[in-house]
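One-letter residues, chain by chain:
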Amino acid sequence: MPLKKSTPDFILIIVTMTLLAIGLIMVYSASAVWADYKFNDSFFFAKRQLLFAGLGFAAMFFMMNIDYWSWRKWAKPMLLICFILLVAVLIPGIGMERNGSRSWIGVGAFSVQPSEFIKLALIAFLAKFLSEQQRYITTIRKGLVPSLSLVFLAFALIMLQPDLGTGTVMVGTCFIMLFIAGARILHFVILGLIGLAGFVGLILSAPYRMARITSFLDPWQDPLNSGFQIIQSLYAIGPGGLFGLGLGQSRQKFFYLPEPQTDFIFAILSEELGFIGGSLVILLFALLLWRGIKIALGAPDLYGSFLAVGIISMIAIQVMINIGVVTGLMPVTGITLPFLSYGGSSLTIMLMAVGVLLNISRYARF
């Protein structure tokens, strides 16, 4: 265990703060019309996002100065608390329902989304398990089954809400961690086939999910229902052109694209800032991924490496799914764009995760 602590990764801090600043500007720009109509305050969502950003920044700073080995000690209690919250959110009177999903617990005027927090708790727990039991990772009974049992239990609870997007990010992150740890390709193929069958079953069990698949293939087949969001998102991105219509000049935020400050904020960004603005955001995420990989490679121990891999995988998967959905490359699913989309739980957990990554960077050998 290293004794000398250096300064945190400066590039990672700059990239994160830049994305956060862009997010605050775009949340206001995308939400002002809807906020003024619904709450008679065009700054309603922007002010709340600024509050979340402040809390998230404080959490990031705190995590940056807490040795990441603490996560090994507290991994089990944190995971247990998150499982309790996942069960609690399903209880009527405790869990809040929005847009057909019971994913939030009300806390005063705000709400907490437990499925966001269990992603980080599972990463910490799985990093601990893999660093201690890596010699068994090539076996099914001692390696894959213990590590994946909790992952699939969490996925099952999340699907009861239901929230396929968050569950997909969580499972995908854990699979990448297992792959990096040295799990056998054959086992992944078997799990992949089982997962594919289960995924098809989930789609067929809910008509609205099947509608999203068919609308993804041809959104104009049902332009006023299942294909509406994709079409309106493409109508936002297309007119943006190379340089965009100008900041604040979006047309689709005028009640065409539903709640554009959340999952589809990248569409409004592309409409207002064009291909150049959208490419800049993607480049910033690529820089963040690069710094995360360097930190994982330079971490002084296996636990730090696996923890860094899990965090950067979670962010990368979420970015790819969100932008894929917004650009029509993937079926619609409710996934926020890290650091940019409106949402307190998502923003706080992402900044906390970056804080942990920054602490690992203080011990990493570059």
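Reading guide: rules and limits
Residues numbered from 1 in each chain as written. Predicted model: local features only at pLDDT ≥ 70, side-chain atom pairs only at ≥ 80, totals over all residues. Heavy atoms only, no water. Helix = DSSP H or I, 4+ residues; strand = E, 2+ residues; numbered from the N terminus. Buried < 20%, exposed > 50% of the residue type's maximum accessible area, 1.4 Å probe, protein only. Bend = angle between axes of the 7 residues up to and from the residue. Polar contact = N/O pair within 3.5 Å; in protein donor to acceptor, adjacent residues only side chain to side chain. Contact = heavy atoms within 4.5 Å. UniProt positions renumbered as here; feature names shortened; annotations may be inferred. Salt bridge = Lys/Arg side-chain N within 4 Å of Asp/Glu carboxyl O.

Trainee: Got a minute to help me understand unusual backbone geometry in this structure?
Mentor: Note on backbone geometry: most residues besides glycine have negative phi, and most peptide bonds are trans. Not every positive phi belongs to a glycine, and F255 is a case in point at roughly 70°. Within the secondary structure layout, F255 lies in the loop between α9 (228-240) and α10 (265-298). Given a relative accessible area of 46%, F255 falls into the partly exposed group. Even without being glycine, F339 reaches a positive phi, approximately 75°. Of note, F339 is situated in the loop between α11 (302-326) and α12 (344-361). The exposure class assigned to F339 is buried, which follows from its relative accessible area of 2%.

Trainee: Explain the environment of G195 here, please?
Mentor: Note that G195 resides in helix α7 (residues 185-205). Distance in space between the C-alpha atoms of G195 and A21 is 38 Å, their sequence separation being 174 residues.

Trainee: What exactly am I supposed to notice about helix α1 (residues 10-39) here?
Mentor: Because an α-helix completes one turn every 3.6 residues, residues spaced three or four positions apart along the sequence face the same direction. Along α1, the sharpest change in direction is near 55° and occurs at S31. If you check the start of α1, you find a side-chain oxygen 3.0 Å away from the backbone N of I11, and it comes from D9. Among the residues trailing α1, N40 stands out with phi positive, at a value near 60°.

Trainee: Quick question: what am I supposed to make of the side chain of Q252 here?
Mentor: With respect to the helices and strands, the residue Q252 is situated in the loop between α9 and α10. One polar contact links Q252 to Q232, side chain to side chain, over a distance of 2.7 Å. If we skip the residues at most four places from it in the chain, Q252 touches Q232, Y235, A236, L257, I268 and E271.

Trainee: Help me out: how do you make sense of the UniProt feature "transmembrane region" (unreviewed entry) in the protein chain in this one?
Mentor: As recorded in UniProt, the feature "transmembrane region" (unreviewed entry) lies at residues 12-30, 50-71, 78-95, 107-127, 188-208, 264-290, 302-327 and 339-360. For the annotated span residues 50-71, helix accounts for 77% and strand for 0% of the residues, and the straight-line distance between the end C-alpha atoms is 28 Å. As annotated, residues 302-327 has a helix share of 96% and a strand share of 0%, and its two end C-alpha atoms lie 37 Å apart.

Trainee: Any chance you could explain the pattern of salt bridges here in plain terms?
Mentor: Once their charged atoms are close, side chains differing in charge can pair, the charge on each being opposite to the other. Counted by the stated rule, this structure contains 6 salt bridges. Across the salt bridge formed by D9 and R291, the nearest N and O atoms sit 2.8 Å from each other. In this pair, D9 sits in the segment before α1 while R291 sits in helix α10, placing the two residues 282 residues apart along the sequence. When its relative accessible area of 5% is taken as the criterion, D9 is described as buried. Classification of R291 as buried rests on a relative accessible area of 8%. Ionic pairing is found between R72 and E132, a salt bridge with its closest N-O pair at 3.5 Å. On the criterion of sequence distance, the pair formed by R72 in helix α3 (residues 70-88) and E132 in helix α4 (residues 114-133) is long-range, its members being 60 residues apart. Residue R72 is classed as partly exposed on the basis of its relative accessible area of 25%. Counted as one network, the salt bridges with shared partners bring together R72, K128 and E132.

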